[in-house]
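As a plain string of letters, each chain reads:
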Amino acid sequence: MKSVHHFKREKVISRANARERERVALLKKKKKKKPAMTTTKNETLGESGERKEDVKRQKLMEDDDDFEKNQALVKEEAVDVHSLMRPYYAHIFPSKQLFEWLSYEGLTSSKESQKDQQQFIQNREFCFTLKGEIFVRYNSYADEKSLRKDLKTKVPGKIDIGPVFSHNPKNRLAYGGSFKPVERELVFDIDMTDYDDVRTCCDQAKICPKCWPLMNCAVKVLDVGLREDFGFEHILWVYSGRRGIHAWVCDERARKLSDEERSAVAEYFSVFKGVEGGGEKKKTNLSFGSGKRAKMHPRLEEAYWKVLKPFWEKEFLPAQKLMESKKHFETILSMIPDATVRQKAEFDFNNNKMPTVSRDGDIDVNTWRWQRIVKAVEDELRGKNTNWDLTRCLQTIIFSHVYPRLDAEVSKHMNHLLKAPFCVHPKTGRVCVPIDPSNCDAFDPFSSDAPKVHELLQEYKKFGADENAVKKTAMGKALETFERCFWSKLKVANEEEKKKKKMMMNNNVLNESNALNKNSNAAADMEF
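Residues numbered from 1 in each chain as written. Predicted model: local features only at pLDDT ≥ 70, side-chain atom pairs only at ≥ 80, totals over all residues. Heavy atoms only, no water.

**Focus: helix α16 (residues 388-402)**
At L394, α16 shows its strongest bend, of approximately 35°. For α16, the buried fraction is high: 13 of the 15 residues fall into the buried class. (Bend = angle between axes of the 7 residues up to and from the residue. Helix = DSSP H or I, 4+ residues; strand = E, 2+ residues; numbered from the N terminus. Buried < 20%, exposed > 50% of the residue type's maximum accessible area, 1.4 Å probe, protein only.)

Here it is as structure tokens:
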């Protein structure tokens, strides 16, 4: 029997959906209307000059406080995003910062170094997706000005960044088999659609505040692993603009990894191996030792206790209500290899057992039912049960639901394209902004943290439409995050690397000079 809360929630969602349909219909009508402030035969204006349809729509939105909450999904933008791209590229897009980052060596006064730097960046591929889904690959640029000029001329809806090739990609046909990628950031791509089998709130391209924390969980696990296990320092985390996140590992060691080495790193983090049977059977690659006290790899053990287990119990279970859903509850039960434990859990579910405040405190029913399963497992293990799989099933359940789900193929190949930071997602109109990994829980993809391009242009105009105006818009905050969390430290590392290379070059020149002098002296002695 459905609860009163369930009917209320259905009613609110139904009202919100009806209003959304009305909003879309009004927008379609608006596109067909004549220029501003003209009226058709069936239209009238209100006292303040607004159309009555607009007033009515605004009133509908104000009537229900839950309206905005129910419309929190990152949806496709109603306005024509592509029509806003030219002014965005001309005034707001940070091509200077992007180009300086991808150059790595930074600006230098040495003419020889400038030439090397120019050749390096000219061998980098930029791929544009033009209007009509037309892909233009192998673009390359000698400087930031030529990149910005091309952006304003071609107006791509999306920008992807590829590797640095052995030769300028524009001239690739002239080099045949010798044209190949030689350097590329180690990248990771995590997409919310890969979690559809464990989400009850959304599916496909939709996201909401209930499922977005899965991305925060992924950032926390991967960022620590990349830094502590592999020693990488310069990692840029970026919101994809719609339903996921990207990571760019930019240490020189990472950029020089071969495809085989990239595959090894990707496999190291590929614990979740997919689903079978429509999501009912989940596959994981957890390496346990043998025996009752078997443990996982130390990195997985730390991720489990510090991130995954607290997130599962405190956030994910209450948000997704997995222990109230028959389908998801049965999936969890199927992963418990003990009939006694399963029977106890089934009894709670079938009899709709609920926690009581006096006995259990203020606890969500999903977390409470999970804790009852944990206790049942522990009780069995304290007895004479020698089913070693029972010791691991709780960890396996949690890992199979909330551990980061990588698109490993993106990470394995050097020549794989990935969407550039600060470009605009063509469907949502949201900018791909950096995320602070140390405070990822604070990032809100439904707010100005992930600004929409039309909002940025409005802010830019409001604040004076000049260079200083950009800093006052939401883009200013995004650039500050880019600088603070990533670029400032990478700049220092680049400078140190340049000094080392310069010192090595000077030493080589000195050694060659000494060798020449020594040979000259030896020849003179022989002549004497």
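**Focus: the sheet that holds strand β7 (residues 244-249)**
Pairing in this open sheet of four strands is antiparallel, and the strands run β5-β7-β6-β11 from one edge to the other. The open sheet terminates on both sides in strands that have one partner only, identified here as β5 (186-191) and β11 (434-435). Direction of pairing for strand β6 (residues 235-239) relative to β7: antiparallel, over a ladder of five bridges. Note on β7: the bridge partner recorded for Y239 is I245. (Pairing = 2+ DSSP bridges.)

**So, the packing of aromatic side chains**
All told, the structure shown has 29 aromatic pairs when counted by the stated rule. With 5.6 Å between their ring centres and 70° between their planes, F126 and Y141 make a pair best called edge-to-face. Taken together, the positions of F126 in strand β1 (residues 124-130) and Y141 in the loop between β2 (134-139) and α7 (144-154) put the pair 15 residues apart, joining distant regions of the chain. The exposure class of Y141 is buried, given its relative accessible area of 4%. Each member of the aromatic cluster is reached from another via a ring pair, and the members are W101, W248, F422, F482 and F486. Over the ring of F272 we find R405; its NZ or CZ atom is 3.6 Å from the centre of that ring. (Phe/Tyr/Trp six-rings, centres within 6.5 Å; stacked < 30°, edge-to-face > 60°. Lys NZ or Arg CZ within 6 Å of the ring centre and 35° of its normal.)

**Describing the environment of F349**
Tracing the backbone shows F349 in helix α13 (residues 339-350). Overall, the relative accessible area of 16% leaves F349 in the buried class. Sequence spacing of F349 and F329 is 20 residues, and the spatial spacing of their C-alpha atoms is 8.4 Å. Excluding anything up to four places from it in sequence, F349 contacts M323, E324, S325, K326, F329 and R369. (Contact = heavy atoms within 4.5 Å.)

**Points about the nonpolar core**
In terms of nonpolar packing, the biggest core is built from 122 residues, with Y88, W101, W312, W370 and M475 touching the most fellow members. Counting residues per element, this core draws most heavily on helix α11 (residues 298-320), which supplies nine residues. (Core = buried A, V, L, I, M, F, W, Y, C linked by side-chain atoms within 4.5 Å.)

**Details of the packing of α11 against α16**
Axes are the key here: two packed helices are described by the angle between their axes and the distance separating the axes. As a packed pair, α11 and α16 sit with axes 10 Å apart at the nearest point and diverge in direction by 75°. Taken together, the axis directions place α11 and α16 in an arrangement best described as roughly perpendicular. In this structure, α11 contributes L300, Y304, L308, K309, F311, W312 and F316 to the contact, and α16 contributes Q395, I397, I398, F399, H401 and V402. Tallied by class, residues from the contact of α11 with α16 come to ten nonpolar, two polar and one charged. (Axes fitted to C-alpha atoms, helices over the stretch in contact; angles between N-to-C directions. Parallel < 35°, antiparallel > 145°, perpendicular 65-115°, else oblique. Nonpolar A, V, L, I, M, F, W, Y, C, P; charged D, E, K, R; others polar.)

**As for the pairing of β2**
Here β1 runs beside β2; their pairing, made up of four bridges, is antiparallel. Note that in β2 the partner of L130 across the bridge is I134. Following β1, the chain reverses through three residues before pairing antiparallel with β2; G132 in that reversal takes a positive phi of roughly 90°.

**Focus on the pairing of β7**
Taking burial as the measure, the six residues of β7 include six buried ones, the bulk of the element. Burial along β7 is two-sided: G244, H246 and W248 and I245, A247 and V249, pointing in opposite directions, are all buried. Summarising the sheet, β5 and β7 pair through six bridges and their orientation is antiparallel. From the neighbouring strand, D189 faces β7, where its bridge partner is H246. In this structure, the hairpin formed by β6 and β7 is closed by a connection of four residues, where G241 is found at a positive phi of approximately 95°.

**Quick word on the packing of helix α8 (residues 213-228) against α11**
Running from N to C, α8 and α11 cross one another at 165°; their axes reach a closest spacing of 11 Å. Accordingly, the angle class assigned to the pair α8 and α11 is roughly antiparallel. Of the two possible hands of crossing, α8 and α11 adopt the one that is right-handed. For the pair formed by α8 and α11, the contact residues are P213, L214, C217, K220, V221, V224, G225 and E228 on the first element and R299, E302, A303, V307, L308, F311, E315 and F316 on the second. For the contact of α8 with α11, a count of residues per class yields ten nonpolar, one polar and five charged. (Left-handed = near helix turned anticlockwise from the far one by under 90°.)

**Digging into the confidence of the model for the chain**
With 75% of its residues at a pLDDT of at least 70, the chain reaches an overall mean of 83. Note that pLDDT drops below 50 for residues 1-13; the model gives that stretch seven contacts with residues more than four away or on any other chain. Between residues 31-72, whose pLDDT stays under 50, and residues either more than four places distant or in other chains, the model counts 44 contacts. (pLDDT = per-residue confidence, 0-100.)

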